[in-house]
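Read off the chains here:
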Amino acid sequence: MQSKFVNVTQRTTDWNSVNWKSAYRVVRRLRQRIFKATKDGSNKKVRSLQKHYESAYSNILLSVRRVTQLNHGSKTAGVDRLLVRTPQARGLLVDILTNFIPWKPLPVRRVYIRKSNGKQRPLGIPCIIDRCLQAIVKNALEPYWEAQFERTSYGFRPGRSCHDAIERIHTMAKGNSTKTWVVDADIQGCFDNIAHKPLVEAVGNFPARKLIQQWLNAGYVDKGVFHNTNAGVPQGGIISPLLANIALHGMESALGIRYDKNGHTIGDRGIVRYADDLVVFCKSQEDAINARETLQEFMSTRGLTLSESKTHIVRLWDGFNFLGFNIRHYPDSTTKTGRKVLIKPSKESLQNVRNQIKQIWLDYKSCSVDFVIDKLNPIIRGIANYYRTVVSSQIFSCLDRWMFVREKRYAKRMHPKFNQQQRYHRYWGRLNLDRSDYWVFGDKRTGKHLLKFNWFKIRRHPMVKGAYSPDDPQLTAYWENRQNIKFKSLIPSYQKLAQKQGFICPVCGESLFNDEPIQKHHKIPFCDGGNESYANLELVHYYCHQQIHSHAQNHLSEIENELSPW
């Protein structure tokens, strides 16, 4: 890493006046140039562009935005107990990073979160400066590896998701497939045990390789006690998922998986990997055993090992779980093979859903119905959107019946002296006017109502093609169309607004569906005579919305200062 990021005069960054359209355009262009240079085999040009990218002012701006606003851990401090929460502090942080001096990474703070099996998952929380530097370095390193990563790797990569991995599995497990044996594998403590030496060698002659090595060796503080780290990457660091993907790169070659000119798998094996969870499809049980041994040899060169308790060899007739879904062959007399593959939510994940929703009902059992609905609807919408891409209609109906029982318990607790008919009259009715359903739970005075799972119709997820990457400059139209499809997951009124503005945020110029929260903005505020008409509304990202109102507030302050008497 250079002692200074860029040669600029002293400046003070006004966070509320940042031109995000320009910043995103510069960063996108640099990523595309690195990707193209990698594909062309011009390593010298790649290193030059990466060095320039690390010092780019736009890269620093977007890295601070991601770390201090977009990331879920933005409100969690590292060992220095420092948080950045105000626009002034973010602008100051940008200035510090722009005029950067040599920095020695601080150890990460070890915290623990509860896993679904009751065990504790260790997370390493870097300090805010290290997180920003990791975001800067990651942005320069990622497009180089995106040009090389295997097409069957779906975890923690731009433009790819767990739904792409599930669709890939669906394609490989179809009823006419001859690969009916599956190695359902899990890596034992992947993030905690990755060997540093082969990882640093894989990173190669990257300009910030020494800084990466320092992060790996920075150690961690657990309950006030410092511990050295001789292996692993901190699970919680910005750059850690990318480093894990780099460490696991090459699995296809190790298993001997090949593709024809159309990108179809040829040979006796196939693989789908999402981070440290993976499945290998084989034609026979003997080959599945050999594939497991091959995987174990591959892992040993990275300091890793397969989990004995979570790695199984199964037939598709018996089924297996992956990313909260169950994949299994079922008998079907209408097909030549006599079988078909169905993917459903797994029993374990459904129980987790019930537990999560039940806890909300219990935590807010004495709150108003409007408050409870506001808490439950985002959870219901998120769960339904996650599982609606597979065979879920029957399961959604079961969840709605279970929810009806919880609703009745809530109504009885709030009104113990009402009879059953009085409670029904108070809380249920045709509250959703778009549906002929008279058993919708909600508040008849405000019109707020609880969503139902079966309102979310099944919609297949379009799998990303081959090794396509958002950093490929030749695929811009493909990725724009792919992002715009996401508008169907919005509520109807938001869908109309998104279509009207071309699915673009008017403030930053980026797609509305870049995983940032979306809010409704009134062009003319109510206090100035604005209304709720579509002509006066537009959708913007949450933090872009904040910038709009900060501009309005600053303008109002300037007017007040001009009009104030001496």
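Cut-off values and rules
- Residues numbered from 1 in each chain as written.
- Predicted model: local features only at pLDDT ≥ 70, side-chain atom pairs only at ≥ 80, totals over all residues.
- Heavy atoms only, no water.
- Salt bridge = Lys/Arg side-chain N within 4 Å of Asp/Glu carboxyl O.
- Helix = DSSP H or I, 4+ residues; strand = E, 2+ residues; numbered from the N terminus.
- Buried < 20%, exposed > 50% of the residue type's maximum accessible area, 1.4 Å probe, protein only.
- Disulfide = S-S within 2.5 Å.
- Patch = residues over 30% accessible without salt bridge, like charges linked within 9 Å, V, L, I, M, F, W, Y side chains within 5 Å.
- Areas by Shrake-Rupley, 256 points an atom, 1.4 Å probe, with all protein chains shown as cover.
- Lys, Arg positive; Asp, Glu negative; His and termini not counted.
- Charge placed at Lys NZ, Arg CZ, Asp CG, Glu CD.
- Axes fitted to C-alpha atoms, helices over the stretch in contact; angles between N-to-C directions.
- Parallel < 35°, antiparallel > 145°, perpendicular 65-115°, else oblique.
- Left-handed = near helix turned anticlockwise from the far one by under 90°.
- Contact = heavy atoms within 4.5 Å.
- Nonpolar A, V, L, I, M, F, W, Y, C, P; charged D, E, K, R; others polar.
- Pairing = 2+ DSSP bridges.
- Phe/Tyr/Trp six-rings, centres within 6.5 Å; stacked < 30°, edge-to-face > 60°.

(A) The arrangement of the pattern of salt bridges in detail. Applying the stated criterion across every chain yields a total of 15 salt bridges. For the salt bridge of Asp-164 with Arg-482, the shortest nitrogen-to-oxygen distance reads 2.6 Å. Taken as a pair, Asp-164 in helix 6 (residues 162-172) and Arg-482 in helix 17 (residues 476-484) lie far apart in primary sequence, 318 residues in all. Judged by relative accessible area, Asp-164 falls into the buried class, the value being 1%. Taking relative accessible area as the criterion, Arg-482 reaches 12% and is therefore assigned buried. Here Glu-167 makes a salt bridge to Arg-460, at a shortest N to O gap of 3.7 Å.

(B) Examining the state of the cysteines more closely. If you walk through the whole model with that rule in mind, you get 0 disulfides. Of all cysteine sulfurs, the one in Cys-505 lies closest to Cys-544, which takes part in no disulfide; the gap is 3.8 Å.

(C) Representation of a positive patch on the surface within the structure. Taken together, the side chains of Lys-358, Lys-365, Arg-409 and Arg-413 make up a positively charged region of the molecular surface. Within the secondary structure layout, Arg-409 lies in helix 15 (residues 393-414).

(D) Structural view of the packing of helix 8 (residues 196-203) against helix 9 (residues 209-216). Contact geometry of helix 8 with helix 9 gives a least axis separation of 10 Å together with a crossing angle of 160 degrees. Taken as axis vectors, helix 8 and helix 9 run roughly antiparallel relative to one another. Between helix 8 and helix 9 lies a crossing of right-handed hand. Note on element contacts: helix 9 touches helix 8 through Arg-209, Ile-212, Gln-213 and Leu-216, opposite His-196, Leu-199, Val-200 and Val-203. Here the residues of the contact of helix 8 with helix 9 are counted per class, giving 5 nonpolar, 2 polar and 1 charged.

(E) How the structure looks around the sheet that holds strand 5 (residues 225-227). Strand order across the open sheet formed by 4 strands is 2-1-4-5, with mixed pairing between neighbours. The sheet is open, and its two borders are formed by strand 2 (120-125) and strand 5, each paired with just one other strand. Strand-to-strand, the axes of this sheet are offset by a mean angle of 40 degrees, without reference to chain direction. Bridge analysis of strand 1 (residues 108-114) against strand 4 (residues 220-222) gives 2 bridges, and the strand direction is parallel. Each residue of the ladder has a partner; that of Val-108, found in strand 4, is Tyr-220.

(F) Up close: the packing of aromatic side chains. This model, assessed by the stated rule, comprises 27 aromatic pairs. Ring centres 6.4 Å apart and planes at 70 degrees place the aromatic pair Phe-281 and Phe-320 in the edge-to-face group. A residue pair is termed long-range when its members are at least 10 positions apart, and Phe-281 in strand 9 (residues 277-282) and Phe-320 in strand 11 (residues 320-322) qualify at 39 residues. Take Phe-281 and Phe-320: they sit in the same class, and that class is buried. Plain terms: the ring middles of Tyr-468 and Tyr-478 are 5.0 Å apart, the flat faces sit at 85 degrees to each other, and that makes the pair edge-to-face.

(G) Up close: the environment of Trp-181. Note that Trp-181 resides in strand 3 (residues 181-186). When the C-alpha positions of Trp-181 and Gln-474 are compared, they lie 38 Å apart, and in sequence the two are 293 residues distant. Those residues in contact with Trp-181 that sit more than four places away from it in its chain are Val-280, Phe-281, Cys-282, Lys-283, Ser-284, Gln-285, Ala-288, Ile-313, Val-314 and Arg-315.

(H) How the structure looks around the sheet that holds strand 13 (residues 339-345). Read from one edge to the other, the open sheet built from 3 strands follows the order 11-12-13, with strand pairing classed as antiparallel. Edge positions in the open sheet fall to strand 11 and strand 13, since each of these has one partner strand only. On average, adjacent strands in this sheet sit at an angle of 30 degrees to one another, irrespective of strand direction. Note that strand 12 (residues 325-331) and strand 13 share 7 bridges and pair antiparallel. What sits directly across from Phe-325, in strand 13, is Pro-345.

By themselves these figures say nothing about function.
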